[in-house]
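# What the coordinates show
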Amino acid sequence: THDLPRLKEVLSFLKQGKRVEIPMFDKSVENGQGDRSALTTFIPERQDFILFEGWCVGIPVVSSPTFMRLCAKNKIPLRKIDPLLKYHPVVLRFIKQYQLIWKFLDFTIMLKPKVVKLHFLWRQQQERELKEQRGEGMSSVEIERFVDLFLPFTYLCYEKLKPNATVLIDEKHTFKRIVRKKR
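Residues numbered from 1 in each chain as written. Predicted model: local features only at pLDDT ≥ 70, side-chain atom pairs only at ≥ 80, totals over all residues. Heavy atoms only, no water.

### Focus: the packing of helix α2 (residues 64–73) against helix α6 (residues 140–160)
The N-to-C vectors of α2 and α6 enclose an angle of 95°; their axes lie 10 Å apart at closest approach. Judged on the interaxial angle alone, α6 and α2 are roughly perpendicular. The residues of α6 that touch α2, namely those facing T66, F67, L70, C71 and K73, are P152, F153, Y155, L156, E159 and K160. Looking at side-chain class alone, the contact of α2 with α6 contains 7 nonpolar, 1 polar and 3 charged residues. (Axes fitted to C-alpha atoms, helices over the stretch in contact; angles between N-to-C directions. Helix = DSSP H or I, 4+ residues; strand = E, 2+ residues; numbered from the N terminus. Parallel < 35°, antiparallel > 145°, perpendicular 65-115°, else oblique. Contact = heavy atoms within 4.5 Å. Nonpolar A, V, L, I, M, F, W, Y, C, P; charged D, E, K, R; others polar.)

Okay, structure coming up:
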């Protein structure tokens, strides 16, 4: 799903107002892990507004020691998630490759839940809905593991990402407050 050359091409075409087909993502396949679908969305001309969303859009580069300090500060049991501390350096290397992609973004908005446990509860809700609609999705144990793997990187975004605005949301996905970055 991480086809950076294709993503760069699509974002470049969108910025230039060129015709482009956007690949679709299907969260229900691969046992709920998701993958790119054969479906695409055709964009025939320049758009006034493009929403590009994802769990860690705009995530900055940090060193492994900085990442580990951030986890300790936020009481994230990194050794439980990554006992040999091999996983997070791989992800941190991939993050470097995404920095070129973030340059296409004109304005960033971070959606931030009132409490962190909502990430897990919302993913459970997504998986229940996927199972009802498609008959596929992750089990509760798989959801917990999946969220645990990405939660440290979510904290990285909360601490280091400099969005133009942050939308604080509650358990019902209702926004409570919008915080604009000071200029």
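### Here's the deal with the sheet that holds strand β5 (residues 175–180)
If you walk across this open sheet you meet the 3 strands as β3-β4-β5, and the pairing is mixed. Among the strands making up the open sheet, the edge pair consists of β3 (109–113) and β5. Taken over all neighbouring pairs, the strand axes of this sheet differ in orientation by 20° on average, direction set aside. Sheet topology places strand β4 (residues 165–169) next to β5; 5 bridges connect them, and they run antiparallel. Paired with A165 across the bridge in β5 is R180. (Pairing = 2+ DSSP bridges.)

### As for helix α1 (residues 4–16)
For α1, which comprises 13 residues, the first-to-last C-alpha distance of 18 Å matches the rise-based estimate of 18 Å (1.5 Å per residue) to within 8%. Burial in α1 covers these residues: L4, L7, V10, L11, S12 and L14. Among the structural elements, β1 (20–26), β2 (35–43) and α4 (87–102) are those in contact with the buried residues of α1. N-cap assignment for α1: the residue whose side-chain oxygen lies 3.2 Å from the backbone N of R6 is D3. Within two residues after α1, G17 carries a phi angle of roughly 75°, on the positive side. (Expected span 1.5 Å × (residues − 1). Buried < 20%, exposed > 50% of the residue type's maximum accessible area, 1.4 Å probe, protein only. Polar contact = N/O pair within 3.5 Å; in protein donor to acceptor, adjacent residues only side chain to side chain.)

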